[in-house]
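# Report on the structure
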Amino acid sequence: MTHPALIMTESSNALPPLGRIPPNVFCAADYEIMARRFIAPPSHAYIAGGCGRDGTLAANRQVFQYREILPRLLRDLSAGHTRLDLLGHRLPHPIMLAPVAYQQLVHPLAEIETARAAAATDTCMVLSTLSSRTLEEVAQHAGVDRWFQLYFQPTRNATVDLLQRAKSAGYRAIMVTLDTAIKAPSLGALQAGFTMPPDVTAVNLSAYPVPGAKILERGESRIFQGMMREAPSWDDLAWLLKQTNLPVIVKGVMHPADAQRFQAMGVAAQVVSNHGGRSLDGAPASLSVLPRIRAAVGPDYPLLFDSGIRSGSDIFKALASGADAVMIGRLQVYALAVAGALGVAHMLKLLREEFEVCMAQAGCATLSEIGPGMLFSENSEAGTC
Ligand SMILES: Cc1cc2nc3c(=O)[nH]c(=O)nc-3n(C[C@H](O)[C@H](O)[C@H](O)COP(=O)(O)O)c2cc1C
């Protein structure tokens, strides 16, 4: 007999989420393949897509394939672990859930299920400003390690209100995303006919006034004087840092000079990220710029990384290239679509085990042993880790 969850719904042509872990998922990346059957094609195009002609999206994956790990032998790994200290808190592993908007696109309980998975696996979750469940509701299901991702709002009052709500709901840090002043579906999503369903909304923002569209004067640009007129500036970030005593992390850093300026102004940590290839098509892969940013901010400053991670060995390569921890974007949505909280928890468990296997095979007992010397280079003598 066909499992009820395997009967396609007519309306979306996509399978509803399973109530169990699927038997044929053997690695975290399998969720990416499987999710195609569980997400309506236009929404899938929106989630999987990048921007423009998807060049940066592709680069994010390609660069991982060209990085190679050079294993070391006969080391004692019997006291091995994956713990780290980040912003004053001890985390059991360096894998975090990236902020991903509008999760109701793939699951009716949306971010609530993701939060349950984060709590069950001791994973730090970063909730998007654009979540489809309120930050207060999600907080009730997430573990203690929860951070809030902030988009600057059109009015400072709304931005401050979000900060205060996040703090009251127990979020431990604020991650400000700076790389997407223009938020538009990708070319691929538009071609697939994607539009946001009317019942999927940014509920955190429902109480704030929406400024009317600017009427452009003749000669004004729809981009510069239109979409970009409310884009945040360095002054806005300096102002924001004074509005909260929570650690402020910036997300979307790709240039070493920007990284140094953020560090100098008191930003607590940074995420090297090109938004999973969804921001500037033509930007390099995030992994390509990571070593330069590590060199610019020094060895002790906290750096996170995302964009393109699909396996435990990708995590190892990101850490060896300079990251302290990584964030997982699309894989969490794919696992959520396939099997809700169970799927996300399973995906995280698989990723963590893949990472630990990679550490063990490479001969690294702790995260501090995963350095640039663990990466193979034709041009330099292999270092020690
Ligand atoms: C569907 C989707 C929605 C996203 N929404 C947000 C968001 O609301 N805020 C944010 O800072 N980043 C957002 N991101 C970017 C992710 O946080 C992360 O940078 C990216 O997904 C990492 O790449 P990966 O998907 O290859 O892991 C989104 C990404 C996707 C795919």
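Residues numbered from 1 in each chain as written. Predicted model: local features only at pLDDT ≥ 70, side-chain atom pairs only at ≥ 80, totals over all residues.

### Quick word on the site of the ligand
Keep this limit in mind: As used in this record, a residue near a molecule or strand is one whose C-beta atom, placed from the backbone, is within 6 Å of it. When residues are grouped by polarity, Ala, Val, Leu, Ile, Met, Phe, Trp, Tyr, Cys and Pro land in nonpolar, Asp, Glu, Lys and Arg in charged, and all others, Gly among them, in polar.
Of all residues adjacent to the ligand, which total 22 residues, the nearest are Ala101, Ser128, Gly276, Gly329 and Arg330. When the residues that make up the shell around the ligand are grouped by side-chain class, the tally is eight nonpolar, 10 polar and four charged.

### Some thoughts on the nonpolar core
Just so we agree on the cut-off: Under the definition applied here, buried Ala, Val, Leu, Ile, Met, Phe, Trp, Tyr and Cys residues are grouped into a nonpolar core through C-beta atoms within 7 Å. Put plainly, a residue is buried at 20 or more neighbouring C-beta atoms within 10 Å of its own, exposed at 12 or fewer, and partly exposed in between, counting only other residues' C-beta atoms, which are placed from the backbone. Where helices and strands are cited, they refer to DSSP runs of H or I of at least four residues and of E of at least two residues respectively, numbered from the N terminus.
Counting 111 residues, the largest nonpolar core has Val272, Ala323 and Val326 as its most contacted members. No other element matches helix α13 (residues 330-362), which puts 20 residues into this core.

### Overview of the confidence of the model for the chain
Keep in mind that low pLDDT regions are not for reading the predicted coordinates in detail. Operational definition: Note: pLDDT gives the predictor's confidence per residue, expressed from 0 to 100. Here, residue contact means that the backbone-derived C-beta atoms of the two residues sit within 7 Å.
Considering every residue of the chain, the mean pLDDT works out to 94; 95% of them sit at 70 or more. In the model, residues 1-11 has pLDDT below 50 throughout and makes 11 contacts with residues more than four positions away in sequence or in other chains.

### Regarding the packing of helix α10 (residues 256-264) against helix α11 (residues 286-297)
Applied cut-off: Between the N-to-C directions of two axes lies an angle of 0 to 180 degrees, each axis being a line fitted to C-alpha atoms and, for a helix, fitted only over the stretch in contact. In this scheme the crossing of two helices becomes right-handed for a clockwise turn of the near helix relative to the far one and left-handed for an anticlockwise turn of less than a right angle.
Close contact between α10 and α11 brings their axes to 9 Å; oriented N to C, the two are set at 35°. Crossing hand, α10 versus α11: right-handed. Here Pro256, Ala259, Gln260 and Gln263 of α10 come into contact with α11, specifically with Arg292, Ile293, Ala296 and Val297. Here the residues of the contact of α10 with α11 are counted per class, giving five nonpolar, two polar and one charged.

### With respect to helix α12 (residues 312-320)
In terms of burial, α12 is largely enclosed, as nine of its nine residues are buried. Of the positions making up α12, those classed as buried are Gly312, Ser313, Asp314, Ile315, Phe316, Lys317, Ala318, Leu319 and Ala320. Gly322 occupies a position one or two residues after α12 and carries a positive phi of about 130°.

### Describing helix α6 (residues 156-168)
Because an α-helix completes one turn every 3.6 residues, residues spaced three or four positions apart along the sequence face the same direction. To be explicit about the condition: The span you would expect from a helix comes to 1.5 Å times its residue count less one. In this description, one arc is meant: the one made by directions from the helix axis to the C-beta atoms.
Here α6 spans 18 Å end to end across 13 residues, near enough to the 18 Å set by a 1.5 Å rise per residue. Those residues of α6 not exposed but buried are Thr159, Leu162, Leu163 and Ala166. The arc enclosing the buried residues of α6, seen along the axis, measures out at 100°, which places them on a common side. Turned more than 90 degrees off the buried face of α6, the exposed positions are Asn157, Gln164 and Ser168. On its buried face, α6 is in contact with α5 (135-139), β5 (146-150) and β6 (174-177). The positive-phi residue at the C-terminal boundary of α6 is Gly170, with phi of around 85°.

### Section: the pairing of strand β8 (residues 269-272)
This is how it is decided: Two strands pair under a simple rule: DSSP has to find at least two bridges between them.
Going residue by residue along β8, you find Ala269 and Val271 tucked away on one face and Gln270 and Val272 tucked away on the opposite face as well. Sheet topology note: the strand β7 (residues 248-253)/β8 ladder contains four bridges and is parallel. Of the residues in β8, the one forming a bridge with Lys251 is Val271. Bridging between β8 and strand β9 (residues 303-305) involves three bridges; their strand directions are parallel. Looking across to β9, one finds that Val272 is bridged to Phe305.

### With respect to the packing of α12 against α13
Threshold: Angle categories are assigned with fixed cut-offs, so that under 35 degrees is roughly parallel, over 145 is roughly antiparallel, 65 to 115 is roughly perpendicular, and the rest are oblique.
In the contact formed by α12 and α13, the axes pass within 7 Å of each other and the chain directions differ by 60°. Overall, the two elements α12 and α13 adopt an arrangement that is oblique. In this structure, α12 meets α13 at a crossing whose hand is right-handed. When α12 is examined against α13, the residues Gly312, Ser313, Ile315 and Phe316 are found in contact with a partner set consisting of Leu351, Glu354, Phe355, Val357, Cys358, Met359 and Ala362.

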